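Each chain, written out:
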Amino acid sequence: MGERAMSVAIKRSKYEIDMCNGSIMDKLIAFSMPLMLSGILQLLFNAVDLVVVGKFSGSDALAAVGATTALINMFINLFIGVSLGANVLAARFYASGREKEMSETVHTAIAFALISGVVMLFVGLFFSKGALELMDTPADVIDQSTLYMRIYFLGMPFFMLYNYGAAILRAVGDTRRPLYFLLISGVLNTALNLFLVIVFGLGVAGVAIATVISQMVSCILVLRCLYRTEGCYQLRFSKLMIKGVYLKQIFQVGIPAGIQSTVITFSNVLLQSSVNSFGSIAMAGYTAANNIFGFLYVSVNSISQTCMSFTSQNYGVGKWKRMDRVLIDCIILSVVVTLLLGGGACIFGKQLLRIYTKEPEVIACGMEILFYTTATYFLCGLMDLFPGALRGMGRSTVPMILSVIGTVGMRIVWIYGVFPQYRSLKVLFISYPASWLITIVMQVICFFFVRRKVHRSIIMKEPAQ
């Protein structure tokens, strides 16, 4: 069958991208850039929280908000990972013109997003303080951290619905409208932060409330977009239901991806605990540096998701040679972007850290962390691309296992084996590039074995339905 042309004629809106035909690099850029900017805007929800609370409520409040970051990510990453499964399945059905299956996948994914969001709301309300205590959060900030987390989790249903709705739009090649929605909610979030913190003096509660309201607005906008579309991914609330056949396929890709993100984030929680042992100055420095670090992450993650979406659609129509070209172009794009952004963050680190705080001790801690993580970030980009390509082919378990072994295993050994003997931020954060390099080697070796097997299956029979 090979490189057969079997793309189904699809009536596309001006927002959608044809991933299965024509040139590749320009479409990768057109798809990934709005996705990258969307990720940056989503990070700005937390960044603006940090800037406002740090400047107007002090370093204790900054540390309190920062102490929740890794924990919040660990709680939500499993469910957000499942949205990748929805993206892969929807992209495959859309490319092959299977409209009924596409519609049922959309309604299953949105129904699951609503249920999981409500579950996470109650998890946040009842378990926030206990989880923060397990992380050895200092007594002088734990009450403020708990308050921030509890309010933040009230917005989980909105957060989940937005992300799953955006995953459906990405599956059809639309990354621009989710960007517009986040731009609107991001401006609102900034205005509400300033109003609630400066005018009403609500501190961490104010920035949490602002985040919840902005998430609600972005959720409404993306659901409205799905509702008003004329395509096969049109949303009708009366049709919301969970169909096991589609949920199972979503889980096959999404659950391993979510577990991978959750376990990696758990290793970051352990690292956060090690940083906490240095006191509130180091915590504040890590909080600011980690926020800058987050902007680098969304850049590589957007390219990884681009690779996954393009691979999934081309897998759906059996274009395996084009899948190879997609991966090669994504590698080039990822290396260029991460070298530019990582190098810039390393060179201009002090100026960037001053956005968050003016305290020299905090900036010094942040710079020490940035030096060992940003210049080497191209390794993280390469590490994420191969799992993205494998997920696009419906293979998600293997990259999950390798990431857990390479990234998490390495960091745990480092945190509990090396770090206690040489206690410094430098030694602690060298674990990042070391773990990325080990994981890359394993992912590349595994990718070529799986690729050969998948290509043989495409040649011998019809693509998986």
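See above for the structure.
What counts, and at which threshold
Per chain, residue numbering runs from 1 following the sequence as it is written. Reporting in this predicted model follows two pLDDT cut-offs: at least 70 for local features of residues, and 80 or more for side-chain atom pairs to be given and counted; totals over whole chains, interfaces and linings ignore these cut-offs and use all residues. Heavy atoms from the whole structure form the basis of all side-chain values; hydrogens and water molecules are not counted. Numbering of helices and strands runs from the N terminus, with a helix taken as a DSSP run of H or I at least four residues long and a strand as a DSSP run of E at least two residues long. The globule rule is 2.2 Å times the number of residues to the power 0.38, and the radius of gyration it is compared with is taken over C-alpha atoms. Each residue is placed in one exposure class: buried if its accessible area under a 1.4 Å probe, protein chains only, is under 20% of its type's maximum, exposed if it is over 50%, and partly exposed if it falls in between. Residues count as neighbours in contact if any of their non-hydrogen atoms are within 4.5 Å of one another. For accessible areas, the Shrake-Rupley method is used with a probe of radius 1.4 Å. Any residue's cover is judged against the shown protein chains and nothing else. Neither His nor the chain ends is counted toward charge; the positive residues are Lys and Arg and the negative residues Asp and Glu. By convention, the charge on Lys lies at NZ, on Arg at CZ, on Asp at CG and on Glu at CD. Definition used in this section: a nonpolar core is a set of buried Ala, Val, Leu, Ile, Met, Phe, Trp, Tyr and Cys residues joined via side-chain atoms within 4.5 Å. The axes are straight lines fitted to the C-alpha atoms, using for helices just the contacting stretch, and the angles between their N-to-C directions are given from 0 to 180°. Convention used here: angles under 35 degrees read as roughly parallel, angles over 145 as roughly antiparallel, angles from 65 to 115 as roughly perpendicular, and any remaining angle as oblique. In this scheme the crossing of two helices becomes right-handed for a clockwise turn of the near helix relative to the far one and left-handed for an anticlockwise turn of less than a right angle. In this count, Pro and Cys sit with the nonpolar residues alongside Ala, Val, Leu, Ile, Met, Phe, Trp and Tyr, while Asp, Glu, Lys and Arg are called charged and the others, Gly among them, polar. When a carboxyl oxygen of Asp or Glu is within 4 Å of a side-chain nitrogen of Lys or Arg, the pair counts as a salt bridge. Whenever a nitrogen or oxygen atom comes within 3.5 Å of another N or O atom, the pair is scored as a polar contact, on the condition that within protein one atom can donate a hydrogen and the other can accept it, and that pairs from neighbouring residues in sequence are kept only if both atoms are in side chains. How far a helix is expected to stretch is found by multiplying one less than its residue total by 1.5 Å. Two rings from Phe, Tyr or Trp (for Trp, the six-membered ring) form a pair when their centres sit within 6.5 Å of each other. Planes less than 30 degrees apart are called stacked, planes more than 60 degrees apart edge-to-face, and all others tilted. Put simply, a charge is over a ring when the Lys NZ or the Arg CZ is close to the ring centre, within 6 Å, and near the line of the ring normal, within 35 degrees. In this analysis, a patch consists of residues with relative accessible area above 30% that form no salt bridge, clustered at 9 Å for like charges and at 5 Å for the nonpolar side chains Val, Leu, Ile, Met, Phe, Trp and Tyr.

Caption draft 1: Geometry of the overall build of the protein chain. Of regular secondary structure, the protein chain possesses 17 helices and zero strands. The C-alpha atoms of the protein chain give 22 Å as radius of gyration, which agrees with the globular expectation for 465 residues (23 Å, within 12%). For the protein chain, the spread of C-alpha atoms along the three principal axes comes to 65 × 45 × 35 Å. Residue burial in the protein chain is summarised as follows: out of 465 residues, 60% are buried. Residue pairs in contact within the protein chain that sit at least 24 positions apart in sequence constitute 85% of those at least 6 positions apart. Accessible surface, the protein chain: about 17700 Å² in total, of which carbon and sulfur atoms supply 69%. Charge separation in the protein chain, taken as the distance between the mean sites of 37 positive and 22 negative side-chain charges, equals 8 Å.

Caption draft 2: Highlighting the nonpolar core. One finds Ile76, Met102, Phe153, Met160, Tyr164, Tyr233 and Phe429 to be the most contacted residues of the largest nonpolar core, which totals 105 residues. Looking at this core element by element, the count peaks at 14 residues for helix α3 (residues 69-95). If we skip the residues at most four places from it in the chain, tyrosine 233 touches Glu16, Tyr94, Met102, Val106, Ile168, Leu169, Val172, Arg177 and Leu226. In this structure, Leu28, Leu333, Cys446 and Val454 belong to the second largest nonpolar core, which totals 28 residues.

Caption draft 3: Seen up close, the packing of helix α7 (residues 176-199) against helix α8 (residues 204-228). The geometry of α7 relative to α8 is characterised by a closest axis approach of 8 Å and an angle of 155° between their N-to-C directions. By the angle class used here, α7 and α8 are roughly antiparallel. As for how α7 packs across α8, the hand of that crossing is right-handed. Of the residues in α8, those in contact with Arg177, Phe181, Leu182, Ile184, Ser185, Leu188, Asn189, Leu192, Asn193, Leu196 and Val197 of α7 are Gly206, Val207, Ile209, Ala210, Thr211, Ile213, Ser214, Val217, Ser218, Leu221, Val222 and Cys225. For the contact of α7 with α8, the residue count by class is 15 nonpolar, seven polar and one charged.

Caption draft 4: The arrangement of the pattern of salt bridges in detail. By the definition in use, this model includes six salt bridges. Linking lysine 129 and aspartate 143 is a salt bridge whose minimum nitrogen-to-oxygen distance equals 3.6 Å. You can see lysine 129 sitting in helix α4 (residues 99-134) and its partner aspartate 143 sitting in helix α5 (residues 139-153), a full 14 residues away along the chain. In this structure, the salt-bridge partner of aspartate 324 is arginine 451, at a minimum N-O distance of 2.9 Å. Within this pair, whereas aspartate 324 is found in helix α11 (residues 320-347), its partner arginine 451 is found in helix α17 (residues 431-460), the two being separated by 127 residues in sequence. Given the relative accessible area of 18%, aspartate 324 is considered buried. By relative accessible area, arginine 451 is classed as partly exposed at 24%. Connected via shared salt-bridge partners are Lys100, Glu104 and Lys243.

Caption draft 5: Inspection of the side chain of serine 431 at higher detail. Counting through the fold element by element, serine 431 comes out in helix α17. Relative accessible area serves as the criterion here: at 0%, serine 431 is assigned to the buried category. Excluding residues within four positions of it along the chain, serine 431 makes contact with Leu271, Arg411 and Trp414.

Caption draft 6: Expanded view of the environment of threonine 108. Structurally, threonine 108 can be placed in helix α4. When near neighbours in sequence (up to four residues on either side) are disregarded, threonine 108 contacts Met241, Ile242, Lys243, Tyr246 and Leu247. There is a polar contact of 2.9 Å between the side chain of threonine 108 and the backbone oxygen of glutamate 104.

Caption draft 7: Examining α7 more closely. Compared with the 34 Å implied by 1.5 Å per residue over 24 residues, the 34 Å span of α7 between its first and last C-alpha is a close match. Buried within α7 are the following residues: Arg177, Pro178, Leu179, Phe181, Leu182, Ser185, Gly186, Asn189, Leu192, Asn193, Leu196 and Val197. One or two steps after α7, the chain reaches glycine 201, where phi turns positive at roughly 65°.

Caption draft 8: Representation of the packing of aromatic side chains in the model. Here the structure, examined in full by the defined rule, presents 20 aromatic pairs. Aromatic pair phenylalanine 93 and tyrosine 246: ring centres 6.1 Å apart, planes at 90°, arrangement edge-to-face. Here the residue phenylalanine 93 occupies a position in helix α3, and tyrosine 246 occupies one in helix α9 (residues 244-276), the gap between them amounting to 153 residues. Given a relative accessible area of 2%, phenylalanine 93 falls into the buried group. Take tyrosine 246: its relative accessible area is 7%, and that puts it in the buried class. For the ring pair tyrosine 432 and tryptophan 436, a centre distance of 5.8 Å and an interplane angle of 90° mean the geometry is edge-to-face. Of this pair, tyrosine 432 and tryptophan 436 both sit in helix α17, separated by four residues, roughly a single helical turn. Residue class for tyrosine 432 comes out buried when judged on its relative accessible area of 3%. Note on tryptophan 436: relative accessible area 2%, which makes it buried. An aromatic cluster is defined as three or more aromatic residues linked by ring pairs; in this entry it consists of Tyr286, Phe293, Tyr377, Phe429, Tyr432 and Trp436. Over the face of the ring belonging to tyrosine 227 we find arginine 236, whose NZ or CZ atom lies 4.0 Å from the ring centre. Sitting above the plane of the tyrosine 432 ring, arginine 411 keeps its charged end 4.3 Å from the centroid.

Caption draft 9: Here's a closer look at a nonpolar patch on the surface. There is a patch of nonpolar side chains on the surface, built from Leu194, Phe195, Ile198, Val199, Phe200, Leu202, Ile209, Ile213, Met216 and Ile220 and spanning about 840 Å² of accessible area. Inspection of the secondary structure puts valine 199 in helix α7. Note on valine 199: relative accessible area 55%, which makes it exposed.

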